[in-house]
Amino acid sequence: MSRKWERMVVKNQKTVNRSRKKSGLATIDESNRKKDADIIIKGRSWMFASLLVIFGLFYLITSAVNGVAMNGLIWFTGLSYVLLGVLVYLVRRPVIGIGKSYITLRRFAGDKRIGSESIEELTLNNGHVIIQVKNVKKKYMYTKLQHRFPMDELNAKLREFAVRERVPFRDETK
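Residues numbered from 1 in each chain as written. Predicted model: local features only at pLDDT ≥ 70, side-chain atom pairs only at ≥ 80, totals over all residues. Heavy atoms only, no water.

**Q** Looking at this structure, I do not really get the overall build of the protein. What am I missing?
**A** Tallying secondary structure elements over the protein gives six helices and eight strands in all. Along the protein, from the amino end to the carboxyl end, the secondary structure elements read α-α-β-α-α-β-β-β-β-β-β-α-α-β. Scaling as 2.2 N^0.38, a compact globule of 174 residues should have a C-alpha radius of gyration of about 16 Å, whereas the protein reaches 23 Å, well beyond that. Projecting the C-alpha coordinates of the protein onto the three principal axes gives extents of approximately 70 × 50 × 30 Å. In the protein, the proportion of contacts linking residues at least 24 apart, taken out of those at least 6 apart, comes to 57%. About 11900 Å² of surface is accessible on the protein, with carbon and sulfur atoms providing 59% of the total. Taking the 33 positively charged and 15 negatively charged side chains of the protein as two groups, their mean positions are separated by 8 Å. (Helix = DSSP H or I, 4+ residues; strand = E, 2+ residues; numbered from the N terminus. Rg over C-alpha atoms; globule rule 2.2 N^0.38 Å. Contact = heavy atoms within 4.5 Å. Areas by Shrake-Rupley, 256 points an atom, 1.4 Å probe, with all protein chains shown as cover. Lys, Arg positive; Asp, Glu negative; His and termini not counted. Charge placed at Lys NZ, Arg CZ, Asp CG, Glu CD.)

Now the structure itself:
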């Protein structure tokens with residue numbers, strides 16, 4: 001599209017969204033998102049959170065054992081690590097989102113969207129899921145132990161995605 005046409009579309013979309021909000025309807029973007037709704041499966045990442053809690057407790061214990069004066073700053077530092085670990089455990093969750101023709105992965109580093117055409121193979125197992133991307137040596141591996149995903153639900157949704165998008169997959173769940 002030409003830039004002038006794009007500006008006209010955006011301008012008209014704003015006016016339509018304004019009138020739709022006044023009448024109590026969903027905006028154009030929201031209705032499009034609902035049509036292309038992702039299936040979101042959330043897990044729990046406990047390893048980094050437990051490492052932070054252990055580090056905070058270790059800091060407090062070694063400070064007390066070594067005879068360091070337990071002033072407010074030492075207590076604040078140790079308890080901050082413990083609080084950060086609890087916060088990471090509760091808030092920062094690994095997520096796999098399955099859309100129409102893509103998979104969205106979130107680990108601790110951030111979100112990554114992988115199209116179905118760039119997936120080389122999906123390996124489904126009772127204990128783990130491996131997503132191999134084409135032309136990349138890195139494999140995305142989600143395990144039941146580390147990421148605490150509901151593996152039965154995850155395997156079923158990924159199997160549906162693989163059949164629908166014709167992505168090669170290996171099913172080792174039996």
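After that view of the structure, there is still more to cover.
**Q** Any chance you could explain the side chain of N125 here in plain terms?
**A** With respect to the helices and strands, the residue N125 is situated in the loop between β5 (119-124) and β6 (128-133). Of the residues examined, N125 reaches a relative accessible area of 18% and is grouped as buried. Once you skip the residues sitting within four places of it in the chain, N125 turns out to touch M151, N155, E172 and T173. (Buried < 20%, exposed > 50% of the residue type's maximum accessible area, 1.4 Å probe, protein only.)

**Q** Help me understand the nonpolar core in this model?
**A** Side chains that are nonpolar tend, in soluble globular proteins, to be buried together. Ranked by size, the top nonpolar core spans 21 residues in total, and within it I96, I103, L105, I119, L122, I131 and L154 carry the most contacts. Where this core is concerned, the elements lending two or more residues are β2 (95-98), β3 (102-106), β5, β6, β7 (139-143) and α6 (151-165). By residue number, the principal contributor to this core is α6, which donates five residues. Not counting residues within four places of it along the chain, the set of residues in contact with I119 comprises I103, I114, I131, Q132, K134, F161 and V167. (Core = buried A, V, L, I, M, F, W, Y, C linked by side-chain atoms within 4.5 Å.)

**Q** How should I be thinking about the sheet that holds β7 in this particular structure?
**A** In sheet architecture, strand pairing relies on hydrogen bonds along the backbone and comes in two forms, parallel and antiparallel. Strand order in the open sheet made by the four strands is β7-β6-β5-β8, with mixed pairing throughout. Only two strands of the sheet have a single partner each, and these edge strands are β7 and β8 (169-171). Taking each pair of neighbouring strands and ignoring which way they run, the sheet shows an average axis angle of 10°. Two elements, β6 and β7, share five bridges in a ladder whose sense is antiparallel. Looking across to β7, one finds that I130 is bridged to M141. Set on the sheet, α6 makes contact with β5, β6, β7 and β8; between it and β5 the angle comes to about 145°. (Pairing = 2+ DSSP bridges. Axes fitted to C-alpha atoms, helices over the stretch in contact; angles between N-to-C directions.)

**Q** Before we go on, may I ask you to explain the packing of aromatic side chains in this structure?
**A** Two aromatic rings are characterised by how far apart their centres lie and by the angle between their planes. Following the criterion strictly, the structure yields two aromatic pairs and no others. Geometrically, the ring pair formed by F55 and Y81 is edge-to-face, given 4.8 Å between the ring centres and 80° between the ring planes. Placement of the pair is F55 in helix α3 (residues 47-65) and Y81 in helix α4 (residues 72-91), with a sequence separation of 26 residues. Classification of Y81 as partly exposed rests on a relative accessible area of 30%. Relative to F149, the ring of Y142 has its centre 5.4 Å away and its plane inclined at 80°; by these criteria the two rings are edge-to-face. Judged on exposure class, the residue Y142 and its partner F149 are both buried. (Phe/Tyr/Trp six-rings, centres within 6.5 Å; stacked < 30°, edge-to-face > 60°.)

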